[in-house]
Each structure stands twice: as C-alpha cells, then as structure tokens.
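# Chains, contacts and geometry: an overview
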Amino acid sequence: PTLETTFYGHTYDNPFMNASGVHCMDVTELDELASSAAGSFVTKSATADGRKGNPEPRYVNLDLGSINSMGLPNLGLDYYLNYAILRQKSQPDAPFVMSVASYQGFDEYVDNMRQIQDSAYTGLVELNLSCPNVPGKPQMAYDFEDTKRLLTEIFKFYTKPFGVKLPPYFDMQHFDKIANVLNQFDLKFVNCINSIGNGLYIDETTDTVVIKPKGGFGGIGGEYVKPTALANVRALKQRLNPTIEVIGTGGILTGRDAYEHLLCGASMVQVGTQLQKEGVHVFERLTAELLAVLEEKGYQSIAEFKGKLGTLD
Ligand SMILES: O=C(O)c1[nH]c(=O)[nH]c(=O)c1Cl
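Residues numbered from 1 in each chain as written. Predicted model: local features only at pLDDT ≥ 70, side-chain atom pairs only at ≥ 80, totals over all residues. Heavy atoms only, no water.

Our next topic: the site of the ligand. Around the ligand sit Lys 44, Asn 68, Met 70, Gly 71, Leu 72, Pro 73, Asn 128, Cys 131, Pro 132, Asn 133, Asn 194 and Ser 195, and those are all the residues in its vicinity. At 2.9 Å from an oxygen atom of the ligand is found a main-chain nitrogen or oxygen belonging to Gly 71. Note that an oxygen atom of the ligand is positioned 2.9 Å from one of the backbone N or O atoms of Leu 72. Spatially, the ligand is embedded in the largest pocket. Here the residues of the shell around the ligand are counted per class, giving five nonpolar, six polar and one charged. (Near = heavy atom within 4 Å. Polar contact = N/O pair within 3.5 Å; in protein donor to acceptor, adjacent residues only side chain to side chain. 1 Å grid on protein atoms, 1.4 Å probe; cavity = no way out; pocket = protein on both sides within 12 Å on 5 of 7 lines; lining within 4 Å. Sits in = over half its atoms within 2 Å of the grid points. Nonpolar A, V, L, I, M, F, W, Y, C, P; charged D, E, K, R; others polar.)

Here's what the structure looks like:
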C-alpha cells in the first residue's frame, strides 16, 4: 500500500505534517521538518512584528498530553515570508503551509494577509483564528460574526489559496454556525483542531499550576484531545462544501490515531504534542504504523477509506 496523499492539487508522499507552533520557529527547525519523513510542514503562526511571547514556563509535557500558553512567540511575518519565498524558489515541488496570526486583532489579520498578497509567495496560507493564549484577546473563531466580517474583508483583495485553523467546538449548533460562515467563502481547507483552550493542570507534588502565564491556564493538546479533535474533523467534513478540504490535528500519537482522523475525512494530519515529545523521527514511526494499518485492513491507498467512518444506524 501507499500513503500518497493529494491535498489542494499536490501529491505528497504521506499525509503527515507538524502542527503549527511545534518545531517550526526558525529556519533550522523548518529545514529539519522539510528533510524529515513528514509529507509537508507548516510554519509557526506569524504576527506582524516578532514577539518574545509569554514568560516561562509556558509549555509543559504531561503524561496524557501537553499544556501551553506560549503567547505567540515568533520571528515576525517578514522572516517567515522571506523563508517561504526562498523555499518556493528552491523547492517548487515541495509546497508547505505558512501560518499567519494576529496579536492586535482584526486589523492586523487584514494587514498581514495584504502583505502576503503583495508578496512573491503564492503557496498555501493557514490563517490562525484560534490562538487561545493572548491575554485579554478573545479567540476570533469563537465569534462567528467577526469571523465572517474578517473573511469578507480578506476576500476583497486576497486571491491566493488559504485555509483557516479552528479551535474545537463542543455544540452541534456551533458546528452548524461556523460551517455556515466558512461555506460562504472560497477557502481551500479548514484545520481542526487547535488546542483545547484554557485548561488547567495541577502538579501533584506542589499543589501548584505548571505554567506561569494566566495563572496556569493554557491550551491542552495530546491524548487528552483526540475525541474532541475527531468530532470536529467529522462534523466540519460533514457540513463543509466538498471543495473545502479538512486537515486533522489533535491527539495523534500512533498510526492508528492518524487512521481515525482520515476515517473522519481528513486529507492531511498534523502532529503537535507527540512531535514535541519525540522529535522529528516521530514521522518515520507514524508513517510505518499507518502503513501497517492499511496492510492489516487490506487497503492499497488512503482514498479507499477516507471519510468512511461507520455509524450504527
Ligand atoms: O500560545 C501560542 O503561541 C499558541 N498556542 C496554541 O496552543 N495555539 C496557538 O494557535 C498559538 Cl498561537
């Protein structure tokens, strides 16, 4: 069998990517991803200006996952745009995704996208509407009207392919509402999910939180989040126009976990916490494990089972 995956018109060796924020801060980390077994990769979400981010400790690995309140540390949009343009020239056949966020809010999102529109970069962009860790700033994607207003504004001038990174939703009406908004726009993909925002982990030896920012509140990733991630991939895939692909992110520790995201309809699958814990060799293990699942089930390709989750009705 083969793990070959076609996503927005390009065929990758396999569906695996890093999740934005993990192992993608600078050229060194990005080049390591590019030369790893991962099918593709995405950059750290960029803000207009570089940011140091929140005080440390701000990321902690836990037995069942991770908690983080990084606060959007990044080297600034110019840095990632320069990297993207150079790489687009030197490796035109190895497309990747550039992640864009905003620290200031609505206007910075628009300005950042305008800068990319006016640049030589023509590849995919992931518009991060779901950073849960900017103190005092609500997540864009939990405000359906603002999300619609932002996408309307961007599509007035933006002609290049892009998608959005969403937070997890926990209510059927919210799945309906966000899908109704997104279906009004020519988006290339939706990435579900970002971390489950504002969780709290207590250290059992000190009865204290484990991260410094926000009194210990931080985004949860890893094993904790797989049921929520799978539900969001499935719910969005069921509701979105078929032209909008879904990237599955959240709780992928094994090839079986990746297989489940594909069953729910994901085209690509992203790994965050497990990549942070295991390093870039995680992709060799995950591709081997996913191949083994296909062999065990007698599938020759992902297309044979993608989106074919069984139900009991
Ligand atoms: O604190 C962060 O930098 C961060 N952390 C996350 O868990 N998701 C995000 O989108 C971002 Cl931008």
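Taking 1.5 Å of rise per residue, the 14 residues of helix 6 (residues 226-239) would be expected to cover 20 Å, and the 20 Å separating its terminal C-alpha atoms lies within 8% of that figure. For helix 6, the full list of buried residues reads Lys 226, Thr 228, Ala 229, Leu 230, Asn 232, Val 233, Arg 234, Ala 235 and Leu 236. Buried residues along helix 6 sit against strand 8 (162-166), helix 5 (172-182), strand 9 (189-192), strand 10 (196-200), strand 14 (245-249) and helix 7 (255-263). (Helix = DSSP H or I, 4+ residues; strand = E, 2+ residues; numbered from the N terminus. Expected span 1.5 Å × (residues − 1). Buried < 20%, exposed > 50% of the residue type's maximum accessible area, 1.4 Å probe, protein only. Contact = heavy atoms within 4.5 Å.)

With their axes 10 Å apart at the nearest point, helix 3 (residues 106-117) and helix 4 (residues 144-154) run at an angle of 30° to one another. The angle between the axes of helix 3 and helix 4 places the two elements in the roughly parallel class. For the pair helix 3 and helix 4, the crossing hand works out as right-handed. Where helix 3 abuts helix 4, its residues Phe 106, Tyr 109, Val 110 and Met 113 lie against Asp 146, Arg 149, Leu 150, Glu 153 and Ile 154. (Axes fitted to C-alpha atoms, helices over the stretch in contact; angles between N-to-C directions. Parallel < 35°, antiparallel > 145°, perpendicular 65-115°, else oblique. Left-handed = near helix turned anticlockwise from the far one by under 90°.)

This brings us to the pattern of salt bridges. Inspection of every chain in the model, using the stated rule, returns 10 salt bridges. In this structure, the salt-bridge partner of Lys 226 is Asp 257, at a minimum N-O distance of 2.6 Å. Here Lys 226 is found in helix 6, whereas its partner Asp 257 is found in helix 7, with 31 residues between them in sequence. Just as Lys 226 is buried, Asp 257 falls in that class too. Classification of Lys 226 by relative accessible area gives buried; the value is 19%. Each of the salt bridges in this network shares a partner with another, and the network as a whole consists of Lys 226, Arg 256, Asp 257 and Glu 260. (Salt bridge = Lys/Arg side-chain N within 4 Å of Asp/Glu carboxyl O.)

In this model, the largest pocket occupies a volume close to 720 Å³. Around the largest pocket, the lining is made up of 42 residues, and of these Ser 20, Gly 21, Val 22, Tyr 59 and Asn 68 lie nearest the centre. Looking at the lining of the largest pocket, the elements with two or more residues in it are strand 5 (65-68), strand 13 (217-221), strand 15 (268-271) and helix 8 (273-278). When the residues that make up the lining of the largest pocket are grouped by side-chain class, the tally is 16 nonpolar, 22 polar and four charged. (Points joined across faces, edges and corners; volume = space filled by probe spheres on them.)

This part covers the packing of helix 6 against helix 7. Running from amino to carboxyl end, helix 6 crosses helix 7 at an angle of 25°, the nearest separation of the two axes being 9 Å. Our classification of the angle between helix 6 and helix 7 gives roughly parallel. Side by side, helix 6 and helix 7 meet where Lys 226, Ala 229, Leu 230 and Val 233 of the first sit next to Asp 257, Glu 260 and His 261 of the second. Partitioned by chemical class, the residues of the contact of helix 6 with helix 7 number three nonpolar, one polar and three charged.

The first and last C-alpha atoms of helix 9 (residues 282-297) sit 23 Å apart over 16 residues, in line with the 22 Å expected at 1.5 Å per residue. Residues of helix 9 that are buried: Val 282, Phe 283, Leu 286, Thr 287, Leu 290, Val 293 and Leu 294. The buried side chains of helix 9 occupy one side of the element, clustering within an arc of 125° when seen end-on. Opposite the buried face of helix 9, by more than 90 degrees, sit the exposed residues Glu 295 and Glu 296. On its buried face, helix 9 is in contact with strand 3 (16-18), helix 1 (27-34), helix 7, strand 15 and helix 8. (Arc of directions from axis to C-beta.)

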